[in-house]
Amino acid sequence: MALMKRVALAPRAVRQLRRIRSVYLAGTVLCLLGLVLQAERGAGGRQAVIVTVLLVAFSALFTLTIVQLWRHARTSHCSTAQKLTPSA
């Protein structure tokens, strides 16, 4: 496995990722709800495919956001993260 270079994110980027995380989660939940309602009505077809594609997209974006925030939390000990975070 190749070595991964850990780069700290700027504080603004971290704030944006934390804000957008809830949007991606809400999109995932709404798509899942839409898919369940489509299944209850028994109507399939194009709408179910579109909702499924949106569900996969929102889930992937949510997962990537979580991974980026997790990786940033692990780099908090490196010097770049210490330089980017304001001292209190």
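Everything here concerns the structure above.
What follows deals with the overall build of the protein chain. A count of helical and extended segments in the protein chain gives three helices and zero strands. Listed N to C, the secondary structure of the protein chain is α-α-α in terms of helices and strands. Sorting the 88 residues of the protein chain into buried and exposed places 19% on the buried side. Within the protein chain, contacts between residues at least 6 apart in sequence are counted, and of these 76% link residues at least 24 apart. A total accessible area of about 6,800 Å² is found for the protein chain, and carbon and sulfur atoms account for 66% of it.

What follows covers a nonpolar patch on the surface. A contiguous nonpolar patch, built from Leu30, Leu33 and Leu37 and spanning about 300 Å² of accessible area, is present on the exposed surface. Within the secondary structure, leucine 37 is located in helix α1 (residues 11-41). Owing to a relative accessible area of 45%, leucine 37 belongs among the partly exposed residues under this scheme.

Looking now at the environment of glycine 27. Looking at where glycine 27 falls in the secondary structure, it is placed in helix α1. By relative accessible area, glycine 27 is classed as buried at 8%. For the pair glycine 27 and phenylalanine 62, spaced 35 residues apart in sequence, the C-alpha separation works out to 9.3 Å.

What follows concerns the side chain of threonine 65. For threonine 65, the location among the structural elements is in helix α2 (residues 46-74). In this structure, threonine 65 is in contact with Leu17, Ile20, Arg21 and Tyr24, ignoring residues within four places of it in sequence.

By the secondary structure assignment, leucine 69 is in helix α2. Since its relative accessible area comes to 12%, leucine 69 is described here as buried. Beyond its immediate chain neighbours, meaning those up to four positions away, leucine 69 contacts Val14, Leu17, Arg18 and Arg21.

What follows deals with α1. Three or four residues apart is the spacing at which side chains of an α-helix point the same way, because the helix has 3.6 residues per turn. Helix length check: α1 (31 residues) gives 46 Å between terminal C-alpha atoms against 45 Å at 1.5 Å per residue, within 8%. Within α1 the residues assigned to the buried category are Val14, Leu17, Tyr24, Gly27, Thr28, Cys31 and Gln38.

Conventions adopted
Residues numbered from 1 in each chain as written. Predicted model: local features only at pLDDT ≥ 70, side-chain atom pairs only at ≥ 80, totals over all residues. Heavy atoms only, no water. Helix = DSSP H or I, 4+ residues; strand = E, 2+ residues; numbered from the N terminus. Buried < 20%, exposed > 50% of the residue type's maximum accessible area, 1.4 Å probe, protein only. Contact = heavy atoms within 4.5 Å. Areas by Shrake-Rupley, 256 points an atom, 1.4 Å probe, with all protein chains shown as cover. Patch = residues over 30% accessible without salt bridge, like charges linked within 9 Å, V, L, I, M, F, W, Y side chains within 5 Å. Salt bridge = Lys/Arg side-chain N within 4 Å of Asp/Glu carboxyl O. Expected span 1.5 Å × (residues − 1).

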